[in-house]
Amino acid sequence: MPEQFPHTEQYRHGGNLRALSSLSGRAPHELLDFSANINPLGPPDWLRPLIESRISELVHYPDPEASELVAAIAGRHRISAEQVLVANGATELLHLLPRALGCGSLLLPVPSYSDYETPARLQGLTVERFTLVPDNGFLLEPQQLALLLKPGQMVLLGQPNNPTGRTFDAAALRDLAASHPASLFVVDESFIGFTDCSRSLQQDRPPNLLVVTSLTKLYAIPGLRLGYLTAAEEHIRKLRAFLPTWSVNSLARAVGARAVQDAEYLQRTRQFVTQQRQQLAQMLGQLPGLTVYPGEANFLLLRLEHPLLDAQQLADLTLKQGIALRVCSNFSGLDQRYFRVAVRTEVEQQQLYGVLQTILAPSRPRSVKRQTPAIMFQGTGSNAGKSILTAAL
């Protein structure tokens, strides 16, 4: 059995370069990080000059209303400014929701992002899980939740979901929300910008539906921290009362106002990520013992079937060679076979394939034929992941 690196619960999220560097013995710049789902194009070209032009503003407090950013977001979604709330990343909003909205329980399809469940438990909410199954690629059909809904309950969904990358039928969720007005539906669209947005819930929102959006992943600025929420004015007022003044700094506000208006960068990102995701799925689907689940975001969920290795042991081996994977065994609904990889550039994805090939198929020649991608590599088997563990990004 391969030597395993030590792991602690503090490294619950992907993209922790300091921890990965320490575990691998390599400098951060020597690592290829497939564990964090960040735009592979990197930040827009205008980011650095914009930040430099706004540095002089740091001697002043930010506008407490974040007027410039709020107006830009409202204009993008064709809604009133009173329906927009900005925050220091989507995670801050996810922690705010259980505190401010007075719900008694959380209904959560799993597997899903950890910062859906953790804030609810900290606030004393009862958490009820609906387990998605690998047999249909972890696809959620909103009507499946109808019999589980209760008054005063919050339902939290990813669109696309993390770590599965799947989207659900937006019209079906609108119908479900409209027919259950005593429940609150929160949709996290932090990865929607990597899709064609046809399944976004931003338009025609029922009054009991709230949408959370992260700008840090799409614009490759996770260190800057920026997110926003759109909802009925009543919900925005409740949430704002719990949000600290000046939660978003001046530089993040300026970047956000420019970002939400940059349609060209958004279109280029969608085209690039779609192409690279298809190529990545096709390459990894050639390797023995790997099931590649269909995804629509900038990452893919995989399942490993190997006589000697689980996903953590595989990740330990790839990290020794400078490549970080996101092991998914601590997502509720998944087990030790699952891991996730981000979509990156063609050269980087070829490096990932080469390393995985030396581990999983060492007798094969290290080359990949460029083919028309075959997207669907859906696995079979029973519902995996019976154990309940702490979910994480």
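That block above? That's the structure.
Residues numbered from 1 in each chain as written. Predicted model: local features only at pLDDT ≥ 70, side-chain atom pairs only at ≥ 80, totals over all residues. Heavy atoms only, no water.

Relative to each other, helix α4 (residues 90–100) and helix α7 (residues 233–242) sit at 105°, their axes nearing to 9 Å. Taken as axis vectors, α4 and α7 run roughly perpendicular relative to one another. Mapping the contact onto sequence places Leu 96, Leu 97, Arg 99 and Ala 100 in α4 and Lys 238, Leu 239 and Phe 242 in α7. Here the contact of α4 with α7 is composed, by residue class, of five nonpolar, no polar and two charged. (Axes fitted to C-alpha atoms, helices over the stretch in contact; angles between N-to-C directions. Helix = DSSP H or I, 4+ residues; strand = E, 2+ residues; numbered from the N terminus. Parallel < 35°, antiparallel > 145°, perpendicular 65-115°, else oblique. Contact = heavy atoms within 4.5 Å. Nonpolar A, V, L, I, M, F, W, Y, C, P; charged D, E, K, R; others polar.)

Strand order in the open sheet formed by seven strands is β2-β8-β7-β6-β5-β3-β4, and the pairing between neighbours is mixed. A strand with exactly one partner marks an edge of an open sheet, and here the two such strands are β2 (84–87) and β4 (126–131). Between one strand axis and the next, the sheet turns by 20° as a mean value, whatever way the strands run. Here strand β7 (residues 209–214) runs beside strand β8 (residues 227–230); their pairing, made up of four bridges, is antiparallel. Residue Thr 213 lies in a different strand from β8, and its bridge partner there is Tyr 228. Relative to β2, α7 is tilted by about 25°, and along the sheet it contacts β2, β6 (184–188), β7 and β8. (Pairing = 2+ DSSP bridges.)

Within the element layout of this structure, Pro 207 appears in the loop between β6 and β7. Sequence-distant contacts of Pro 207, that is, excluding residues within four places in its chain, are made with Ala 232 and His 235.

A word on the environment of Leu 173. One can find Leu 173 in helix α6 (residues 170–179). The class of Leu 173 is buried, set by a relative accessible area of 0%. Distance from Leu 173 to Leu 145, taken between C-alpha atoms, is 9.8 Å for residues 28 residues apart in sequence. (Buried < 20%, exposed > 50% of the residue type's maximum accessible area, 1.4 Å probe, protein only.)

So, to be careful, I would describe these as geometric facts and stop short of saying anything about function.
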